Amino acid sequence: MERLVFSKKMMLAALVLLPSLAFTPLKAQEQPLALNLEKALEIAMSENLTVRVAEQEIEKKKYAKKGAYAALFPQVKFGADYSYTIKKQKVYFGDGGGFSMESMFEPIIGGADKLLTDYFPGYKPGALGEAIAKTSQEAGGNSNSSDGGMEMGLMNNWGFGFNAAMPLINASLWKSISISGQDVELAIEQARSSKIDMTNQVKKAYYGVLLANDSYMVFKESYDNATKNYLDIKQKYEQGLVAEYDLIRADVAVRNVEPNMLQAENSIKLVKWQLKALLGMDLDLPIECEGKLTDFESELFGDYMATAADTSLANNTTLKQLDIQNEQLKGTLKLQKFDFIPTLSVSALYNWNAMNEHFRFKEYRWNPYSMISFSLSFPIFTGGSRVQKINQTKVTLNQLSFQRDDLERNLQLVVRQSLDNMTTCVKRYDAAQKGVEQAQRGYMIAQKRYDTGAGTLLEMNDAELAMIQAKLNFNQAIYDYVTAKSDLEKTLGKQAY
């Protein structure tokens, strides 16, 4: 009775949870994302981080070029300064040894004093000198020291204003701007190189998925045939029509094919992970690559001659980058030679100054002053450093020229190897295609011979293995051709994206 009540409770709980389970989305039930080669390339060009970094590098170089142009415009600055005089500077007149201001003006004061005495009877001789000395002491305090020096300046010194500078003639600056423009060209070519390399990787990964799918289908078909044969032989064995040895051989054949099928299934998972990583996708996102390798059979004959006829390296991205670097070095060489040319610049300023002994700003008198100046600089001798830099740049240009020639020869070798591989793949494909036809026919004959008792199970198994190998060779020949063609297009810089 207790078990019956417990069962009813379990059924009630199941009925309550059933609606929620019915509407719960399962990750395994997600529809896979269908991909063809064009769509995979489109996703890679927009989502792959390597490509996006290259595009950001172009933007950075463009900003650097704009920053170089800024040096041609006036540079305007605002500045302010304050200084406090701890000990005032002294000024001496004459030989600086006991000579004072009074001694310098003494003949003049003496002459004036005599003139006043002669024309003004009530004037007291010497009164003018005493009045001047008293006035001087009241105005400057102890500014005149016993050694005859006079202190200059005040304690607080304030200043602020604007200044501007602009180059008028500067050949090095003008040339550096053109070099910054070549930096943008180099960044664009490097971005194109990243896209070409990414296109090649995505194509080869996509072809790898198709090869894994086709290989799996070959082993799956072989597994289904082996299973079917095993069931037929088991039925005949139970009827006493075949020996137990045939039943064992059929069972072993099934077990031998199964690991290959599982390995091919695992290979599909691995190459899909590689493709999703290149496309910048979540590795857990299910995808399905459309098509088969046989869809590319037309490329083996349709465009092989056109591809082989046009093998110019004019669009090779590595050679183009070396050419841009060569132009940059030539520009650098001219820039270094321009260091011998004089430069002319203009500067202007407008400032306000104030000095006082206190901090009562309302009483300050701000005195403006302005000026404009031209500066001409003519380099004469720098110890030979400029000449040595020019020599170093010339050597670097020679090295770059040698590197380009060597790279071009190696690339021509790569092109010939790729064309030779493509030719070999076409021949392999032709042989494999005929091999598949013959192997399928041989398997059908061996199967009929075994069914009629004229053949053995060993003959049928051998025929099936030959058919499997022929189909694998057929798929491999197509895969090797399309990957070799992709590598050739990468070398020639012809990848489409």
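A brief report on the enclosed structure follows.

### Quick look at the overall build of the chain
- When its secondary structure is counted, the chain shows twelve helices and eight strands.
- A separation of at least 24 residues holds for 83% of the contacts in the chain among residues at least 6 apart in sequence.
- A total of about 31500 Å² of accessible surface is found on the chain, and carbon and sulfur atoms cover 58% of it.

### Let's talk about the packing of helix 6 (residues 171–238) against helix 12 (residues 457–492)
- The N-to-C vectors of helix 6 and helix 12 enclose an angle of 170°; their axes lie 9 Å apart at closest approach. One element, helix 6, and the other, helix 12, form an angle in the roughly antiparallel class.
- Taken together, the residues that form the contact of helix 6 with helix 12 break down as 14 nonpolar, ten polar and ten charged.

### Observations concerning the nonpolar core
- V202, L275 and L279 are the most contacted members of the largest nonpolar core, which totals 68 residues.
- Where this core is concerned, the elements lending two or more residues are helix 2 (37–47), helix 6, helix 7 (244–279), strand 6 (287–289), helix 11 (385–452) and helix 12.
- Broken down by element, this core gets its largest block of residues, 16 residues, from helix 12.
- In this structure, V202 is in contact with A40, L41, A44, L275, L278 and L279, ignoring residues within four places of it in sequence.
- In this structure, L322, L329, L397 and L400 belong to the second largest nonpolar core, which totals six residues.

### Considerations on helix 11
- Between its first and last C-alpha atoms helix 11 spans 97 Å; for 68 residues at 1.5 Å apiece the expected length is 100 Å, and the two agree.
- Two residues or fewer past helix 11, G453 is found with a positive phi of approximately 85°.

### A closer look at the pattern of salt bridges
- In total, this model carries 18 salt bridges according to the counting rule given.
- In this structure, E221 engages K471 in a salt bridge whose closest nitrogen and oxygen atoms are separated by 2.9 Å. Of this pair, E221 sits in helix 6 while K471 sits in helix 12, and the two are 250 residues apart along the sequence.
- For K471, a relative accessible area of 12% translates into the label buried.
- The salt bridge involving D251 is made with R255; its shortest N-O contact spans 3.0 Å. Placement of both D251 and R255 in helix 7 is noted, with a separation of four residues, approximately one turn of the helix.
- Residue D251 is classed as partly exposed on the basis of its relative accessible area of 24%.
- Given a relative accessible area of 56%, R255 falls into the exposed group.

### Some thoughts on a positive patch on the surface
- On the surface, a cluster of positive charge is contributed by K330, K334, K337 and K394.
- Ranked by residues supplied to the positive patch, first place goes to helix 10 (residues 317–337) with three residues.
- For K334, the position within the fold is in helix 10.

### Observations regarding the packing of aromatic side chains
- Scanning all chains against the criterion turns up ten aromatic pairs.
- Geometrically, the ring pair formed by Y82 and W158 is tilted, given 4.3 Å between the ring centres and 40° between the ring planes. You can see Y82 sitting in strand 2 (residues 75–84) and its partner W158 sitting in strand 5 (residues 156–169), a full 76 residues away along the chain.
- With relative accessibility at 37%, the residue Y82 sits in the partly exposed group.
- We classify W158 as partly exposed; its relative accessible area is 22%.
- Here the aromatic rings of Y429 and F474 are separated by 5.2 Å at their centres, their planes lie at 35°, and the arrangement is tilted.

### Quick look at the sheet that holds strand 8 (residues 367–377)
- Taken in spatial order, the four strands of this open sheet run 2-5-7-8, and their pairing is antiparallel. Only two strands of the sheet have a single neighbouring strand rather than two, namely strand 2 and strand 8. Taking each pair of neighbouring strands and ignoring which way they run, the sheet shows an average axis angle of 20°.
- When strand 7 (residues 343–356) meets strand 8, the two strands line up antiparallel, connected through eleven bridges. Its bridge partner being in strand 8, T343 is matched across the sheet by S377.

### Topic: the environment of G455
- By the element assignment, G455 lies in the loop between helix 11 and helix 12.
- With ten residues separating them in the primary sequence, G455 and I445 have C-alpha atoms 9.3 Å apart.
- The residues contacting G455, other than those within four sequence positions of it, are R449 and Y450.

### Remarks on helix 7
- An ideal rise of 1.5 Å per residue puts 52 Å on 36 residues; helix 7 measures up with 53 Å between its terminal C-alpha atoms.
- Positive phi shows up at G280, right after helix 7, with a value of about 70°.

### Observations regarding the environment of Q412
- In this fold, Q412 is placed in helix 11.
- When its relative accessible area of 42% is taken as the criterion, Q412 is described as partly exposed.

### What about the side chain of N200?
- For N200, the position within the fold is in helix 6.
- According to the relative accessible area criterion, N200 is buried, its value standing at 5%.
- A distance of 3.3 Å separates the side chain of N200 from the side chain of D487, its partner in a polar contact.

### Re the side chain of Q321
- Tracing the chain through its elements places Q321 in helix 10.
- Assessed through its relative accessible area of 15%, Q321 is described here as buried.
- Apart from the residues within four sequence positions on either side, Q321 is in contact with L186, E189, Q190 and S193.

### Structural notes on the pairing of strand 2
- Within strand 2, only zero of the ten residues are buried, which leaves it mostly out in the open.
- Inspection of the sheet shows strand 2 paired to strand 5 by ten bridges, in the antiparallel sense. For Q75, the partnering residue across the bridge sits in strand 5 and is A165.

### Details of the packing of helix 6 against helix 10
- It is at 9 Å that the axes of helix 6 and helix 10 come closest, and there the two elements cross at 170°. When the axes of helix 6 and helix 10 are compared, the pair comes out roughly antiparallel.

Definitions and cut-offs
- Residues numbered from 1 in each chain as written.
- Predicted model: local features only at pLDDT ≥ 70, side-chain atom pairs only at ≥ 80, totals over all residues.
- Heavy atoms only, no water.
- Helix = DSSP H or I, 4+ residues; strand = E, 2+ residues; numbered from the N terminus.
- Contact = heavy atoms within 4.5 Å.
- Areas by Shrake-Rupley, 256 points an atom, 1.4 Å probe, with all protein chains shown as cover.
- Axes fitted to C-alpha atoms, helices over the stretch in contact; angles between N-to-C directions.
- Parallel < 35°, antiparallel > 145°, perpendicular 65-115°, else oblique.
- Nonpolar A, V, L, I, M, F, W, Y, C, P; charged D, E, K, R; others polar.
- Core = buried A, V, L, I, M, F, W, Y, C linked by side-chain atoms within 4.5 Å.
- Buried < 20%, exposed > 50% of the residue type's maximum accessible area, 1.4 Å probe, protein only.
- Expected span 1.5 Å × (residues − 1).
- Salt bridge = Lys/Arg side-chain N within 4 Å of Asp/Glu carboxyl O.
- Patch = residues over 30% accessible without salt bridge, like charges linked within 9 Å, V, L, I, M, F, W, Y side chains within 5 Å.
- Lys, Arg positive; Asp, Glu negative; His and termini not counted.
- Charge placed at Lys NZ, Arg CZ, Asp CG, Glu CD.
- Phe/Tyr/Trp six-rings, centres within 6.5 Å; stacked < 30°, edge-to-face > 60°.
- Pairing = 2+ DSSP bridges.
- Polar contact = N/O pair within 3.5 Å; in protein donor to acceptor, adjacent residues only side chain to side chain.

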